[in-house]
Structures are given as C-alpha cells and as structure tokens.
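Observations on the model geometry
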Amino acid sequence: MKVLVINAGSSSLKYQLIETDSELVITKGIVEKIGGEAEFSFTNKNGEKVKSKISAKNHTEALKVVIDSLLDKTNNFISSLKEIDAIGHRVVHGGEEFFKSVLIDDKVIKSIEKYSELAPLHNPPNLQGILACKEILPSTKQVAVFDTAFHQTMPESSYMYALPYELYQKYGIRRYGFHGTSHRYVTMKAAEFLGIKIEDFNAISCHLGNGSSIAAIKGGKSVDTSMGFTPLEGVVMGTRSGSIDPAIIFFLMEKENLSPKEINDLLNKKSGLLGLSGISNDLRDIFAKKDEDKRAKIAIEVLVKSIRRYIGAYMVELGRVDAIIFTAGIGENEWHIRENCVMGLEEYGIILDKEKNQNTRAKLSDLSMKGSKTKILLVPTNEELMIALETKWIVG
Ligand code: ADP
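Residues numbered from 1 in each chain as written. Predicted model: local features only at pLDDT ≥ 70, side-chain atom pairs only at ≥ 80, totals over all residues. Heavy atoms only, no water.

Describing the pairing of strand β9 (residues 203-208)
Keep this limit in mind: For each residue, the accessible area found with a 1.4 Å probe, counting protein chains only, is set against the maximum for its type, and the residue is called buried under 20%, exposed over 50%, and partly exposed in between. Helical segments are the DSSP runs of H or I of at least four residues, strand segments are the runs of E of at least two, and each set is numbered from the N terminus. The pairing criterion for strands is at least two bridges between them, as found by DSSP.
Counting buried positions along β9 gives 6 out of 6 residues, so the element sits mostly inside the fold. Here β9 shows a buried face lined by Ala203, Ser205 and His207 and a second buried face lined by Ile204, Cys206 and Leu208. Where β9 meets strand β10 (residues 212-218), 6 bridges bridge the pair, whose relative direction is antiparallel. Residue pairing across strands places Leu208 opposite Ser212, the latter belonging to β10. From the end of β9 to the start of β10, which pair antiparallel, there are 3 residues. One ladder, built from 5 bridges, connects β9 with strand β12 (residues 323-327); its direction is parallel.

Here it is, written out as structure tokens:
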C-alpha cells in the first residue's frame, strides 16, 4: 500500500510517500515559507535533493506542488493519483478524546479544531494540511495520527496536576504528553528486537532531540511521561527550559516587567541549552566548546541531570525495567550523553558496554554488557513510518 504522510506546520508542509509493505520511502520533501517566498525541495528517483522556488500562498497551493512532483513523468513516483491508497496526517493534539489513530471525517475535523485551544501553534496548521488534502484528493481516505494518543493510557495519578480539580474540568488542564508516535515506534521496535511480547515489555523511552521527552512504558503502554499540559515541561531541551519552579515565572514577570507572551517566549525559545550555554540550541555546537567554555560544560551537565531524574523516577515507577531506549537526534548520535545518563547504575543491573556505545550511532543496537538486567538500546525513531503503518492498519 502507498501512503502519503503529511506533517503540516505553520509555514511548511513536510511529506513522505511510503510503500508500507516494504517500508520503503519512495520520495520525500518539504515546502517551506508557505505564504512568503516559498521553496520546495524533494528527493528525486536517484535519491538526489532537488530544490526550487515556487509560488504557494497557502497549504492547498503547497500540496498542489507536491502532487505535481509526485506525478511528474521524469521521476515516475506514481502514474495516477489513484495510486495513493491513503493519507496519514501528523496531528499534535487529540485531547482526551483520541487514544488511537482515526479515520478523518467531519466530526474528527471539529474535534481537531476544538483542541486548537490546547495546541494553538500546531493543531491549526495540521488541520490546514487535512483540508488541503480533502480539497485536492476528495476521495482518498485520510487518517489522523495524534502525538498525544499513545499517552492516553496514563493513570490519573500520572496525568493529574495538584491544582484545583475544577480547572481540570473547566479547561482540561492535565498532563497529555507528546512525541507519542515516536515513543510507540521505538517501544515496538525494542520489544521485537529483544524478543519480548509487547504486552510484557517494560521500558524507559528517552526521545532526546531538539524537543525531548521521556516515557515510562509498562506492558507496552505509556504510564507516565515528562512532557505535560504542553511540550514545555520535563527535561532540558534545545530552547525550552523543561521543568522549573513555577514561582520563577511570577518573580520574572514582576522584576523584568514581562507580559504573559514574553515570559512564554523566554521559556520556550530562549531557555534550555541555548539559554544556559549562550552558544546554540544545537548540542553539537555546545560540545565543540565544552573544554574551554564553562557555560557549555554546565549546559551539558544540567541536561544530563534532568534526564537522569526521570530515569530514576521511572525505574521506581516501573519496578522491572527491561530496557532503557535512546532515540532522536541526541539519543541516536551522542554517545557521551548516553554514557552519562546511565553511568553508575551497575548496582541496579544497568551496565553499559562503553566501547560499543562510543562506536555506535543511528542504528538499532544493544549497547549493554552481557549480564546487564536492563538492556540499554539505541533505537532510531521513524515517526513517518509509524504514521504510515498506523494509516495502513486503520484503512485496512
Ligand atoms: P527535532 O526535535 O527538531 O526533530 P532532532 O531529533 O533532529 O530534533 O535532534 C536535534 C539534536 O540532535 C540537536 O541538539 C543536535 O545537536 C543533536 N545531534 C547530535 N548529533 C547529531 C547528528 N549527527 N545529526 C543530527 N542531530 C544530531
């Protein structure tokens, strides 16, 4: 089956055309700067990147460009639109309503619109992607795959905040968690790799990228996660602070005379690795300066400690941990961070093969020593493939 995976952002439209039986990506690309001086890039049939300036005032026009490129005779990705069996959309927020992926109909569209209040930066563009597809491919089945859905199995004790209960009822203030598609994918892959049935599999899944979250997985299901009501909570991220004492917000608003929007920007865009180091949000730039720059060194140490706090908490929550999984940009590529996250845990049956860890990147591997009770795994994530597979399972 050929599934077109769409990830629509505020001014971008990312896509992949995936053959789900072979799990091969036929082509992928992105339209950027929609509404402005738009640019289109995609991989041609030889795997080369082709870039061009295009006109795309909105997501529908951007999608038209993508479709034309799919149909283009030189690449021959598809010969007719009928070859696209279904479309899978990444949708960030599904509130408490969606605990799995769903076939999109008018009712689902209304719900996605409703949850825009909880994800104002993400759900509206996700919806624009869906509407564009409805317009151009009206008879093709569309599926919504939610970032929040995988975490809907969390118990109340994990998702409730100790705020007045009425605020949960009135506004839906609770922990939702994000990166669910990635956590689900790496959990499935890890269980398969270890030969453990998914319903018996306990793990701590560390998705460490520009945005990062950690999830506690019990019996293959999410029972706790570090991101909360929004993706701001949890571990230190590229530009997000992660968890801080909420009183700092009121202190700063008063001292620096900041508006709610300004403090929101400060915590989401100017904090984290960027704020601490003053160098960059990209860990590679910070590593390059860690020996001579004190703030670079501190940024790395604070990042690692914030991850270890969750690993410790989730070890207690799970009791038995079959695997600690590392994934995403940092988790897949930075051996130094992985080593420091699990250092000194031999007493708990977590023993890293340091040499193997140092020499491995971006491929599915067991990085633990023989005899380590908890395996330490590197599992490359693939959210697009997960969306394509979910879409296939839903449309049948
Ligand atoms: P996003 O959340 O934007 O998808 P990524 O998963 O691509 O982010 O992760 C980005 C982070 O991964 C950056 O901090 C970057 O420094 C780090 N990283 C380290 N090594 C690599 C690498 N070889 N390729 C990509 N990212 C890397």
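So, next bit.
What about the pairing of strand β8 (residues 141-146)?
For β8, the tally of buried residues reaches 5 of 6 residues, placing the bulk of the element in the interior. Strand direction decides the pairing type here: strand β6 (residues 86-91) and β8, joined by 6 bridges, are parallel. Bridged to Gly88 within β8 is Val143. The pairing of strand β7 (residues 102-103) with β8 spans 2 bridges and is classified as antiparallel. Note that in β8 the partner of Leu103 across the bridge is Val143.

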